[in-house]
Amino acid sequence: MSKNIVVAIDGYSSCGKSTLAKALAKKLHFIYVDSGAMYRAVTLYFLRNNVDLNNPEQVAEALKNIHLNFHSRDYETHITLNDEEVSHEIRLMPVSQNVSPVSAIREVRKEMVAQQQRMGQSKNIVMDGRDIGTAVFPNAQVKLFMTADPKVRAERRYKELLPNNPDITLEEVFENIAHRDYSDTTRKESPLVRADDAIILDNTNITPEQQLQFALDKVEPFLKKQA
Ligand code: DC
């Protein structure tokens, strides 16, 4: 097989990046990596162990003790933190509310980016996140930058969260999204920006099927080259 294909999907919180990434990986039989799950798992460890984000020694020590692994089953994200399955817990509000400051720490990013780059070294892969097309895989063959109206994003996320968080309100979800958009785009370390060569995909008014077809059309020429 000639060089592996990397599809980088970046964009704002709750834009459906993972829905698209999963569907694409499944259709193409590529590996799927949810890079946000890694920052979430690190956040969970920091919360459980009361790691002081402003203390570089504590952060470095914590990073040494964190071992993350993905177990790919049915293209859903199954991630373990030191061998404990945490896929459910990393989606709950305590992690969502604390993940932005953790993902803004330079040492955390350095470690996560190195791990992500190893995963995309030799296999066809779809990875979604905030800095995949800019920092992790600047040479990715296909880069998509996803966006959607923030109100539409909040409604979609609210519906997704409600079954596991019965007390949650739409306002709370909207606030969390607005806050994360702000911190993700204004942080010093690898802020969320569109790579110059990334294709914008606004899915406010299109269906998941339409966006999948859009992405497949972008990958197709590279599959032909690889064949
Ligand atoms: O995609 P998500 O909402 O699960 O990501 C959780 C947080 O992690 C988000 O607030 C930004 C951060 N993140 C990041 O900084 N870089 C990535 N590549 C992926 C996520």
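Structure: see above.
Each value, and the rule that gives it
Residues numbered from 1 in each chain as written. Predicted model: local features only at pLDDT ≥ 70, side-chain atom pairs only at ≥ 80, totals over all residues. Heavy atoms only, no water. Axes fitted to C-alpha atoms, helices over the stretch in contact; angles between N-to-C directions. Helix = DSSP H or I, 4+ residues; strand = E, 2+ residues; numbered from the N terminus. Parallel < 35°, antiparallel > 145°, perpendicular 65-115°, else oblique. Left-handed = near helix turned anticlockwise from the far one by under 90°. Contact = heavy atoms within 4.5 Å. Nonpolar A, V, L, I, M, F, W, Y, C, P; charged D, E, K, R; others polar. Core = buried A, V, L, I, M, F, W, Y, C linked by side-chain atoms within 4.5 Å. Buried < 20%, exposed > 50% of the residue type's maximum accessible area, 1.4 Å probe, protein only. Near = heavy atom within 4 Å. Polar contact = N/O pair within 3.5 Å; in protein donor to acceptor, adjacent residues only side chain to side chain. Areas by Shrake-Rupley, 256 points an atom, 1.4 Å probe, with all protein chains shown as cover.

K.L.:
How should I be thinking about the packing of helix H7 (residues 150-161) against helix H8 (residues 170-186) in this particular structure?
P.N.:
If you want to describe how two helices pack, look at the angle between their axes and the distance between the axes. Two numbers describe how H7 lies on H8: the axes approach to 9 Å, and their chain directions differ by 120°. The angle between the axes of H7 and H8 places the two elements in the oblique class. Two packed elements cross with a definite hand, and for H7 against H8 that hand is right-handed. Residues Pro150, Lys151, Arg153, Ala154, Glu155, Arg157, Tyr158 and Leu161 of H7 form the contact with H8, whose own contacting residues are Leu170, Val173, Phe174, Ile177, Arg180 and Asp181. Tallied by class, residues from the contact of H7 with H8 come to eight nonpolar, no polar and six charged.

K.L.:
Can you walk me through the environment of serine 100 in this structure?
P.N.:
Mapping serine 100 onto the fold places it in helix H4 (residues 93-103). Distance in space between the C-alpha atoms of serine 100 and alanine 21 is 21 Å, their sequence separation being 79 residues. Discounting chain neighbours no more than four positions away, the residues touching serine 100 are Arg180, Ser183 and Asp184.

K.L.:
What is the right way to look at the environment of valine 108 in this model?
P.N.:
Mapping valine 108 onto the fold places it in helix H5 (residues 106-119). For the pair valine 108 and valine 42, spaced 66 residues apart in sequence, the C-alpha to C-alpha distance is 8.2 Å. Those residues in contact with valine 108 that sit more than four places away from it in its chain are Tyr39, Val42, Phe46, Val59, Leu63 and Val102.

K.L.:
Is there a simple way to explain the nonpolar core in this structure?
P.N.:
A general tendency of soluble globular proteins is for nonpolar side chains to be buried together. Counting 34 residues, the largest nonpolar core has Val42, Phe46, Leu68 and Val108 as the members making the most contacts within it. At the level of secondary structure, the elements contributing two or more residues to this core comprise strand S1 (6-11), helix H2 (35-48), helix H3 (56-64), strand S4 (79-81), H4, H5, strand S6 (125-129) and helix H6 (132-136). Looking at which element gives the most residues to this core, the answer is H2, with eight residues. Every residue in contact with leucine 68, bar those within four places of it in the chain, is listed here: Met38, Ala41, Val42, Thr80, Leu81, Met112 and Gln115. In this structure, Ile5, Ala25, Tyr32 and Met146 belong to the second largest nonpolar core, which totals 21 residues.

K.L.:
How should I be thinking about the site of the ligand in this particular structure?
P.N.:
Residues in contact with the ligand amount to 16 residues; listed here are only the nearest, Arg40, Arg109, Asp131, Arg180 and Arg187. Measuring from a nitrogen atom of the ligand, one finds a side-chain N or O atom of serine 35 at 3.0 Å. Between arginine 187 and the ligand, the recorded distance is 2.8 Å, taken from a side-chain N or O atom to an oxygen atom. Summarising the interface, the protein chains cover 96% of the accessible area of the ligand, which totals 450 Å² for the free molecule. Looking at the shell around the ligand, the elements that each hand over two or more residues are H2, H4 and H8. When residues in the shell around the ligand are grouped by element, the largest group, four residues, is from H2.

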